[in-house]
Amino acid sequence: MSDNNEIEESSAPLIEHLAELRTRILYSLGAFIVAMVVCYTVWNPIFNFLTRPVCSALESRGEQCGLYLIKLQEGFFVAINISFLGGFALAFPIIAYQMWRFVAPGLYRNEKNAFLPFLIASPVMFFLGAAFAYYIILPLAFNFFLGFQQGEIGATSGANEMAAIGFQGSVQEYLNLTIKFVMAFGICFQLPVLLSLMGKAGLVSSEGLGNMRKYAVVAILVVAAIATPPDVISQVILFTVVYGLYEISIQLVKRIEKTREARMRAEGTWIDPDEWDEDEDEEDEKDGKA
């Protein structure tokens, strides 16, 4: 009988956690729905804001900015996509807060102090990456793509003249391309946050990251080639920025290691790595003699 009571008592916290999780999910879902409805009412101004890079590129060439609905339902789905993404971005602070309220009670005070800065830094770095893509990379990309135009559509041409190639963009295709760039750069700018968090958990070290530089260079070059159009300027910019973030990550991890070492020395729990290696060598010699 006592065993059954112990099982029932031990299951109570699990039910409480599930109820708490349900509450946080409902709050997050409610915030997302409200934000999505708000963004739906202003989806047109948001889309106009997103079209500024391509419109500026077209105006610099003396062309009129215009995008077309290729399919009958395309305009509706564009409005839904903008509402979905805009609603998530607008509701993200509330969603992150609800996640924090669910996780925080299970953390120690020092764990809360260690985790909270990364929770704040992650959206900040994402928006920095998105802004970098919008204001710098997108104008370069659209100027590159529009450079393949030639002649003037609708003008008469002789038999020996080249065919006219002009831009008549699809609203959905343009939105997908813009979101791809913004998301890619927002994710790339998470690199310092990710590596710093891994350094805080002891999964990576500044020395290890430094030794991996040559592999990081190759990986960043591959990312730059995939995430940007095939023009050298935007690829060099992306490589320079992401590699700079990698070097910043190394310094952040090094600072975390120094802080951890100072704390452990003050507590008397620090073991010098050189002394640790010497002890291991002595043990190996004793095992060899035995």
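Preceding this section is the structure that the text describes.
A few points on the structure. Note that the structure is a prediction, hence the values are computed from the model and not measured.

Another aspect to go through is the layout of surface pockets. Estimates place the volume of the largest pocket at around 810 Å³. Lining the largest pocket are 27 residues, with Leu85, Ala89, Phe126, Phe127 and Val182 sitting closest to its centre. Taken together, the elements giving at least two residues each to the lining of the largest pocket come down to α2 (43-50), α4 (74-103), α5 (109-146) and α6 (171-188). A total of 9 residues in the lining of the largest pocket trace back to one element, the largest contributor, which is α4. The class makeup of the residues in the lining of the largest pocket is 22 nonpolar, 5 polar and no charged.

The next thing to look at is α6. A rise of 1.5 Å per residue sets the reference length of α6, with its 18 residues, at 26 Å; its end C-alpha atoms lie 26 Å apart and thus fit the reference within 8%. Three or more residues of α6 are buried, namely Val171, Gln172, Tyr174, Leu175, Thr178, Phe181, Val182, Phe185, Gly186 and Cys188.

Attention now moves to the nonpolar core. Formed by 32 residues in total, the largest nonpolar core has its most connected members in Phe47 and Phe185. Considering every element that reaches this core, the biggest residue donor is α5, with 10 residues. Once you skip the residues sitting within four places of it in the chain, phenylalanine 185 turns out to touch Gly129, Phe132, Ala133, Ile137, Ala227, Thr228 and Leu238. Judged by nonpolar contacts, the second largest core, of 7 residues, contains Val204, Leu209, Ala216 and Val253.

Bringing a nonpolar patch on the surface into the picture now. On the surface, a cluster of nonpolar side chains totalling about 510 Å² of accessible area is made up of Leu14, Leu18, Leu21, Ile25, Phe102 and Val103. Contributing elements (two or more residues each) for the nonpolar patch: α1 (2-41) and α4. Considering each element in turn, the nonpolar patch owes the most residues, 4 residues, to α1. Position of isoleucine 25 among the secondary structure elements: in helix α1.

Procedures and definitions
The numbering scheme is per chain: residues are counted from 1 as the chain's sequence reads. It should be noted that, the model being predicted, local features are given only for residues of pLDDT at least 70 and side-chain atom pairs only at 80 or more, the latter also being counted only at that level, while totals for whole chains, interfaces and linings use all residues. Only heavy atoms go into the side-chain values, all of them from the structure, while hydrogens and water stay out. Points on a 1 Å grid, built from protein atoms alone, make a cavity when a 1.4 Å probe fits but cannot get out and make a pocket when they are open with protein on both sides within 12 Å along at least 5 of 7 lines; residues with an atom within 4 Å of a point are the lining residues. Grid points are joined across faces, edges and corners, and a volume is the space filled by probe spheres set on the points. The secondary structure listing takes helices from DSSP runs of H or I that are at least 4 residues long and strands from runs of E that are at least 2 residues long, numbered from the N terminus. By the convention adopted, Pro, Cys, Tyr, Trp, Phe, Met, Ile, Leu, Val and Ala count as nonpolar, Lys, Arg, Asp and Glu as charged, and the other residues, Gly among them, as polar. To estimate the expected span of a helix, subtract one from its residue number and multiply by 1.5 Å. Burial classification: accessible surface area is computed with a 1.4 Å probe over protein chains only, and a residue below 20% of its type maximum counts as buried, one above 50% as exposed, and the rest as partly exposed. Each nonpolar core is a collection of buried residues, namely Ala, Val, Leu, Ile, Met, Phe, Trp, Tyr and Cys, held together in the definition by side-chain atoms within 4.5 Å. Contacts are residue-level and defined by heavy atoms, with any inter-residue pair within 4.5 Å sufficient. Distance thresholds for patches are 9 Å for like charges and 5 Å for nonpolar side chains (Val, Leu, Ile, Met, Phe, Trp, Tyr), applied to residues having over 30% relative accessible area and no salt bridge. Computed with the Shrake-Rupley method and a 1.4 Å probe, the accessible areas treat only the protein chains shown as cover for residues. Every case where a carboxyl oxygen of Asp or Glu lies within 4 Å of a side-chain nitrogen of Lys or Arg is listed as a salt bridge.

In short, geometric facts, not functional conclusions.
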